[in-house]
Amino acid sequence: MPNLPACLSDLRLPLIASPLFLVSGPELVIAQCKAGIVGSFPALNAREKDGEANQLEAWLQTITEELDRHNQANPDRPAAPFAVNQIVHRTNERLERDTEICARWQVPIWITSLGAREDVNQIAHEAGGFVMHDVTTNTYANKAIAKGADGLIAVAAGAGGHAGALSPFALVSEIREWFDGPLALSGAIANGASLLAARALGADLGYMGSAFIATDEANAVEAYKQMIVDDGAEDVLYTPHFTGVPGNYLKNSVRLAGMDPSNLTQESQAAIDLSRPGEVKAWRDIWGSGHGIAAVKERGPVSALIDRVEREYGEAKQALCG
């Protein structure tokens with residue numbers, strides 16, 4: 001992969017673990033990086049609570065120090081670098097402080113979302129960071145590169161959470177008509193065959209999220225983890241109902257929250273009260289998932305998941321060549 005920077009070119013698999021809202025934390029990121037793929041978390045997951053105003057700083061210290069220890073003990077099998085996701089939309093009141101903290105800790109890979117920002121890209125570059133911006137259309141991809149992003153994450157149909165609506169065939173093809181830099185593909189990538197397919201389409205890397213929800217290291221409730229194992233693509237609902245932005249969610253989590261996924265109304269949306277304790281909260285009780293979860297047959301550690309994907313990736317290559 002000659003067009004990839006050093007931070008993305010020496011991975012065990014061409015794979016980035018996507019930042020999972022609430023689910024990704026230091027334990028999951030460290031396990032992902034030790035397994036040889038890029039681990040990531042949203043900066044906003046480091047919530048300020050119990051008087052701890054600098055939880056993001058504490059998380060970065062934990063991740064950095066643990067990966068340093070691993071690399072010293074395993075010089076022939078170093079960990080992959082990690083990434084932090086920044087929501088760069090103007091509604092993120094923590095953005096300025098969080099970017100300053102990430103710059104101080106020299107975060108190697110920055111994943112930016114919800115609007116491209118030249119100032120954030122400049123801060124990342126001055127700290128030695130590499131910026132990948134996630135996009136759902138070719139238009140957004142052009143804007144991101146024009147504003148200084150180094151690479152792109154094409155979020156196609158079938159991705160978990162706030163997903164795009166375009167086919168990965170169309171989205172990657174349109175981007176590759178003009179962009180030859182680092183490109184990752186997101187959308188139903190949960191096994192080795194889909195990872196190889198992403199490469200065949202023209203992406204340099206896969207972007208995998210939902211499969212990690214069922215791992216031991218994920219910060220998800222037990223029912224959420226088991227639902228990832230039990231459900232399939234037909235159990236995923238694409239709707240803007242909960243946040244105003246179209247996204248993919250598990251239908252059974254909607255049912256658990258007391259709503260009918262086939263008949264979402266204004267009244268059911270009003271039932272999601274973000275202010276009263278104990279009420280259903282969209283960001284906590286409506287669980288995101290991509291279409292690829294049928295590939296997740298069991299729960300276990302991150303290391304076992306990456307072993308499986310690596311084995312399947314090799315088998316898919318062999319099947320094509322054979």
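Residues numbered from 1 in each chain as written. Predicted model: local features only at pLDDT ≥ 70, side-chain atom pairs only at ≥ 80, totals over all residues. Heavy atoms only, no water.

Trainee: Looking at this structure, how should I read the nonpolar core?
Mentor: A general tendency of soluble globular proteins is for nonpolar side chains to be buried together. If you look at the biggest cluster of nonpolar residues, it comprises 77 residues, and the most contacted ones within it are Leu60, Phe82, Ile175 and Phe212. Dropping the residues within four chain positions of it, Phe212 is found in contact with Ala17, Leu20, Gln32, Ile37, Ala218, Val302, Leu305 and Ile306. Counting residues in each nonpolar core, the second largest holds 18 residues, with Leu8, Leu11, Val38 and Leu205 among its members. (Core = buried A, V, L, I, M, F, W, Y, C linked by side-chain atoms within 4.5 Å. Buried < 20%, exposed > 50% of the residue type's maximum accessible area, 1.4 Å probe, protein only. Contact = heavy atoms within 4.5 Å.)

Trainee: Quick question: what am I supposed to make of the pairing of strand 2 (residues 39-42) here?
Mentor: Two faces, one strand: in a regular strand the side chains alternate between the faces of the sheet. Residues Gly39 and Phe41 line one face of strand 2 and the alternating positions Ser40 and Pro42 line the opposite face, and both faces are buried. Direction of pairing for strand 2 relative to strand 3 (residues 82-87): parallel, over a ladder of 4 bridges. Looking across to strand 3, one finds that Gly39 is bridged to Phe82. (Helix = DSSP H or I, 4+ residues; strand = E, 2+ residues; numbered from the N terminus. Pairing = 2+ DSSP bridges.)

Trainee: Can you walk me through helix 7 (residues 168-176) in this structure?
Mentor: Residues separated by three or four positions in an α-helix point in the same direction, a consequence of the helix having 3.6 residues per turn. Turning to helix 7, its buried residues are Leu171, Val172 and Ile175. Along the axis of helix 7, the buried residues cluster in a sector spanning 90°; they form a single face. In this structure, the buried side of helix 7 is in contact with strand 5 (130-135), helix 6 (138-146), strand 6 (151-155), strand 7 (183-186) and helix 8 (192-201). Its side-chain oxygen at 3.1 Å from the backbone nitrogen of Phe169, Ser167 defines the N-terminal cap of helix 7. (Arc of directions from axis to C-beta. Polar contact = N/O pair within 3.5 Å; in protein donor to acceptor, adjacent residues only side chain to side chain.)

Trainee: I'm lost on the pattern of salt bridges in this one. Help?
Mentor: Charged atoms that come close allow side chains of opposite charge to pair. As enumerated under the stated definition, the model contains 13 salt bridges in all. Asp98 is the salt-bridge partner of Arg94, the closest N and O atoms lying 3.1 Å from each other. The burial state of Arg94 is the same as that of Asp98; both residues are buried. The salt bridge involving Arg97 is made with Asp98; its shortest N-O contact spans 3.3 Å. Exposure remark for Asp98: the relative accessible area of 0% places this residue in the buried category. Via salt bridges that share partners, Arg12, Asp307 and Glu310 belong to a single interconnected network. (Salt bridge = Lys/Arg side-chain N within 4 Å of Asp/Glu carboxyl O.)

Trainee: Would you mind going over the packing of aromatic side chains with me for this structure?
Mentor: Two measures describe an aromatic ring pair: the distance that separates the ring centres and the angle between the ring planes. This model, assessed by the stated rule, comprises 4 aromatic pairs. Relative to Trp59, the ring of Phe41 lies with its centre 5.4 Å away and its plane at 65°, an arrangement referred to as edge-to-face. Of this pair, Phe41 sits in strand 2 while Trp59 sits in helix 3 (residues 55-73); the two residues are 18 residues apart in sequence, bridging distant segments of the chain. For the residue pair Phe41 and Trp59, the accessibility class agrees, reading buried in each case. (Phe/Tyr/Trp six-rings, centres within 6.5 Å; stacked < 30°, edge-to-face > 60°.)

Trainee: For this particular structure, what's the right way to read the environment of Arg299?
Mentor: Residue placement: Arg299 occurs in the loop between helix 12 (282-285) and helix 13 (302-321). Between the C-alpha atom of Arg299 and that of Arg94, which follows or precedes it by 205 residues, the distance is 34 Å. Setting aside anything within four residues of it in sequence, one finds Arg299 in contact with Ala214, Glu222, Lys225, Gln226 and Val229. Separated by 3.2 Å, the side chains of Arg299 and Gln226 make a polar contact.

Trainee: What's the story with helix 4 (residues 95-104) in this structure? I'm lost.
Mentor: If you check which residues of helix 4 are buried, you get Leu95, Asp98, Thr99, Ile101, Cys102 and Ala103. Considering only its buried residues, helix 4 is in contact with helix 3, strand 3, strand 4 (109-113) and helix 5 (118-126).

Trainee: Before we go on, may I ask you to explain the sheet that holds strand 3 in this structure?
Mentor: Pairing between the strands of a sheet is mediated by backbone hydrogen bonds and can be parallel or antiparallel. The strand order across the open sheet formed by 8 strands is 1-8-7-6-5-4-3-2, and the pairing between neighbours is parallel. Each edge of the open sheet is held by one strand with a lone partner, namely strand 1 (15-17) and strand 2. The average undirected angle you get between the axes of adjacent strands in this sheet is 25°. Note that strand 4 and strand 5 share 4 bridges and pair parallel. Bridging across to strand 5, Ile111 finds its partner in Met132. Where helix 6 meets the sheet, its contacts fall on strand 5 and strand 6, and the angle it forms with strand 5 comes to roughly 160°. (Axes fitted to C-alpha atoms, helices over the stretch in contact; angles between N-to-C directions.)

Shape is all these values report; function is a separate question.
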